[in-house]
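# Tertiary structure, described
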Amino acid sequence: EDSVQARKTPFITIIAWVFIGLSAMILMAAIFQIVTIVFLSVGDMHNLMVTELKKTMKDSDMLGLALLTLRYAWVMVALVFLYAVTLLLTSIGLLKRREWARKTMIVLLVIAIFYELSDLAWQFYVMNSAMAPLMKEMPGFGSGIMAIVLAISAIMVLAFCALFVWVIIKLLSEKVRQEFATQSP
C-alpha cells in the first residue's frame, strides 16, 4: 500500500481535485438553469416571453435564433448537466487512479476544447449581429467595446484550450500511464 501511495504524483491529485471543484460548480449552475427553465415554462410565462421576443426583435435577423434557443434551451442544459456528472465521476476516478478515468478525462477535455472554440465562434457571430445597431449609432464607441469584449473572450478561451491540451498531453505521457497501470481496478 505504501509503495502504491508513493507512486502517486501530485499532478494527478491536483488535476482531479480541480476538476471535482469545477464539475461541482457546473452542476450547481446546471441545476439553477433547470429550475429557471421549469419556472419559465409554468403557465403563460413561455408564451409571454415568445410574444415579447417577437415584439422587441421584430426587425432583427436574430429573432429566429432567439426563438430556437428559447425552445430548445432545456436540451443544452441537460447536456451540460450530463457532462458535469460525467466530469465529477471521472475526476473521482482520476483521484483513485482508474485507467478508465484517465481515458474518459481525455475525451471530456477534447469535447471541452471543441465546445469552447465553437462557443467563441458563436460569440463572434452573435456579438456582430447584436451590436450592429449600436455600432451604427455610436461607430467608435460601439465597435471599441465589442472589440475589447471579443478580445478578452478569445484570450480566455484560447488560454483554457491551451491548458486543456497541456493536461491531455500530460495524461498521455508514459509516466502518467504507468502510474495508472500500477493501480488495481
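Up top is the structure these notes are about.
Throughout what follows, the structure given in this document is the object of discussion.

### Some remarks on the overall build of the chain
Within the chain, the secondary structure is distributed over eight helices and zero strands. For the chain, the residues scored as buried account for 26% of the 185 residues in total. For the chain, contacts bridging at least 24 residues in sequence account for 72% of all contacts bridging at least 6. When the accessible surface of the chain is split by element, carbon and sulfur atoms take 74% of a total near 11800 Å².

### Description of unusual backbone geometry
Glycine aside, the phi torsion of most residues is negative, and most peptide linkages are trans. Positive phi is not limited to glycine here, since R97 has a value of about 60°. Of the residues examined, R97 reaches a relative accessible area of 1% and is grouped as buried.

### Quick look at the packing of aromatic side chains
Tallied over the entire structure, the rule returns three aromatic pairs. Seen from their ring centres, F11 and W166 are 5.5 Å apart, and the 90° between their planes marks the pair as edge-to-face. A residue pair is termed long-range when its members are at least 10 positions apart, and F11 in helix α2 (residues 10-40) and W166 in helix α7 (residues 139-172) qualify at 155 residues. A relative accessible area of 16% means that F11 is categorised as buried. Take W166: its relative accessible area is 42%, and that puts it in the partly exposed class. Between F19 and F164, the ring centres sit 6.4 Å apart and the planes meet at 45°, which makes this aromatic pair tilted. With F19 in helix α2 and F164 in helix α7, this residue pair connects regions lying 145 residues apart in the sequence. Note on accessibility: F19 and F164 belong to one class, buried.

### Some points on the packing of helix α3 (residues 45-56) against helix α4 (residues 63-71)
Orientation of α3 relative to α4, taken along the N-to-C sense of each, is 170°, at an axis distance of 10 Å. Here α3 lies roughly antiparallel to α4, going by the angle between them. Note that α3 runs across α4; the crossing there is right-handed. From α3, H46, M49, V50, L53 and K54 reach across to α4, where they touch L63, A66, L67 and L70.

Here is what the cut-offs are and how they apply
- Residues numbered from 1 in each chain as written.
- Predicted model: local features only at pLDDT ≥ 70, side-chain atom pairs only at ≥ 80, totals over all residues.
- Heavy atoms only, no water.
- Helix = DSSP H or I, 4+ residues; strand = E, 2+ residues; numbered from the N terminus.
- Buried < 20%, exposed > 50% of the residue type's maximum accessible area, 1.4 Å probe, protein only.
- Contact = heavy atoms within 4.5 Å.
- Areas by Shrake-Rupley, 256 points an atom, 1.4 Å probe, with all protein chains shown as cover.
- Phe/Tyr/Trp six-rings, centres within 6.5 Å; stacked < 30°, edge-to-face > 60°.
- Axes fitted to C-alpha atoms, helices over the stretch in contact; angles between N-to-C directions.
- Parallel < 35°, antiparallel > 145°, perpendicular 65-115°, else oblique.
- Left-handed = near helix turned anticlockwise from the far one by under 90°.

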